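Commentary on secondary and tertiary structure
The chain contents come next:
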Amino acid sequence: MSGHKSSRGFSAAVAFLAALLPSATGARASSSPIPRGTLELIAENQWVTPGHEFFLGLHFQLEKGWHIYWVNPGDSGEPPRVKWQLPSDFSPGVIEWPAPQRLGTSSVVDFGYQDAVTLIVPVHAETSLAAEPSAHLGAEIQVLVCREMCIPGKTQLSLTLPIKSQPPAPDVRTRELFAAARKDLPRSAPQVWKFSVDDARDSFVFAANVAVQIKQAIFFPLVAAQIDNAAPQVLHPLPSGFRLTLRKSDRLLNPIDRLQGVLVLSSNRAYLIDVPVSKRGAQTNNSSSGIPEIQSSKEVSQQ
């Protein structure tokens, strides 16, 4: 009898330890050191389902005070570049960039992320995957990590995901990272909001009617060399919105047709902006179709 109890106790202990370990059928990821931090390729789900889209993430963990760059890095730097190494049945989409922060000094302003950030990438899996037991996903990443000085880095990451026919199940180990990253993604502005951009010689005047007074607003331009990043963005609160004056960059030589970027309001609410530029400042409905992210493709460098 005592031997039987001992056997049951041993089995229970094995089961308990197994529950603490990553599932043998789940994702197997790699983490790699980069200058002043680490980088990990993660997946939102435990497995891939043929014919479905799933999401990968590039999770950067940096030492305090160090940063990487947004798709438009600002006055210096460059964004992470990714070269995907995927099976032919996988098609990567574009990076979904969280709203950035203003970094730098009074004379040099950059756009990027400090401490930690997760860049989400959608991937589509073809139905032909059904015959494969698993998929090996790889990526080569080049990154510039900066503080007072900048250090370039390059690393190779890989991730193995099982392929199953049943609907995908979330991976509890990465759930919070993806949730936090999506919370910081800029969203489309409500259709009832109205925007206008007036070309006023040495500046752009960005006006918004959002039904409430806005007392805090920062604009991050998608395209470099359109706006003087270090110049103060002069905010004029209005009863139903605001007017934001953006000084033009000295490097802007030709008129622009549209002003694109991310607008961050109070409480870190971020919105995609894509508004035609008018000499008359005529007001238009928000026509954002989403920021045209830098494309990602297999064996093609992605910014």
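Relevant structure appears above.
Described in the following lines is the structure provided in the data block.

**So, the overall build of the protein**
The secondary structure content of the protein amounts to two helices and 21 strands. The buried share of the protein, taken over its 303 residues, is 46%. For the protein, restricting intrachain contacts to residue pairs at least 6 apart in sequence, the fraction spanning at least 24 positions comes to 71%. In the structure as shown, the protein presents an accessible area of about 15300 Å², 53% of it carried by carbon and sulfur atoms.

**Quick word on the state of the cysteines**
On inspection of all chains with the given rule, the structure shows one disulfide. Note on cysteine connectivity: C146 is disulfide-linked to C150, with sulfurs 2.0 Å apart. Torsion about the S-S bond of the C146 and C150 cystine: about 115 degrees, corresponding to right-handed handedness.

**Things to note about the sheet that holds strand β3 (residues 37-43)**
Read from one edge of the open sheet, five strands run β2-β3-β4-β10-β7, paired in antiparallel fashion. Bordering the open sheet on either side are β2 (31-34) and β7 (90-92), each of which pairs with just one other strand. The mean inter-strand angle of the sheet, taken between neighbouring strand axes irrespective of direction, is 25 degrees. Direction of pairing for strand β4 (residues 53-62) relative to strand β10 (residues 116-125): antiparallel, over a ladder of nine bridges. Bridge pairing in β10 links H59 to T118.

**Quick look at the pairing of strand β18 (residues 241-247)**
Pairing of strand β15 (residues 203-209) with β18, which is carried by seven bridges, proceeds in the antiparallel orientation. Along β18, the bridge assignment pairs F206 with L244. One ladder, built from five bridges, connects strand β17 (residues 234-238) with β18; its direction is antiparallel. Looking at the pairing, V234 lines up with T245 of β18. Between the antiparallel neighbours β17 and β18 lie two residues.

**Some thoughts on the pattern of salt bridges**
Summed over all chains, the structure comprises nine salt bridges. Ionic pairing is found between E44 and R182, a salt bridge with its closest N-O pair at 2.6 Å. Taken together, the positions of E44 in the loop between β3 and β4 and R182 in helix α2 (residues 175-183) put the pair 138 residues apart, joining distant regions of the chain. In this structure, R247 engages D228 in a salt bridge whose closest nitrogen and oxygen atoms are separated by 3.9 Å.

**A look at unusual backbone geometry**
Residue R36 is not a glycine yet carries a positive backbone phi of 60 degrees. Looking at where R36 falls in the secondary structure, it is placed in the loop between β2 and β3. You can call R36 partly exposed: its relative accessible area is 39%. Here S267, not a glycine, exhibits a phi torsion of approximately 65 degrees, which is positive. Mapped onto the elements of the fold, S267 is located in the loop between β19 (258-265) and β20 (270-278).

**A word on the nonpolar core**
Within the largest apolar cluster, 46 residues are counted, with the highest numbers of intra-cluster contacts made by F54, L56, L58, F60, F90 and L137. Per element, the largest residue contribution to this core is six residues, and it comes from strand β11 (residues 134-146). Contacts of L56, omitting those with residues within four sequence positions, involve L41, I42, A43, W84, L119, I120, V121, V123, L137, L159 and F178. F204, F206, F219 and L263 belong to the second-largest nonpolar core, a separate cluster that totals 23 residues.

What counts as what
- Residues numbered from 1 in each chain as written.
- Predicted model: local features only at pLDDT ≥ 70, side-chain atom pairs only at ≥ 80, totals over all residues.
- Heavy atoms only, no water.
- Helix = DSSP H or I, 4+ residues; strand = E, 2+ residues; numbered from the N terminus.
- Buried < 20%, exposed > 50% of the residue type's maximum accessible area, 1.4 Å probe, protein only.
- Contact = heavy atoms within 4.5 Å.
- Areas by Shrake-Rupley, 256 points an atom, 1.4 Å probe, with all protein chains shown as cover.
- Disulfide = S-S within 2.5 Å.
- Pairing = 2+ DSSP bridges.
- Axes fitted to C-alpha atoms, helices over the stretch in contact; angles between N-to-C directions.
- Salt bridge = Lys/Arg side-chain N within 4 Å of Asp/Glu carboxyl O.
- Core = buried A, V, L, I, M, F, W, Y, C linked by side-chain atoms within 4.5 Å.

Note that every value here comes from positions in space, so none of it alone points to a role or purpose.
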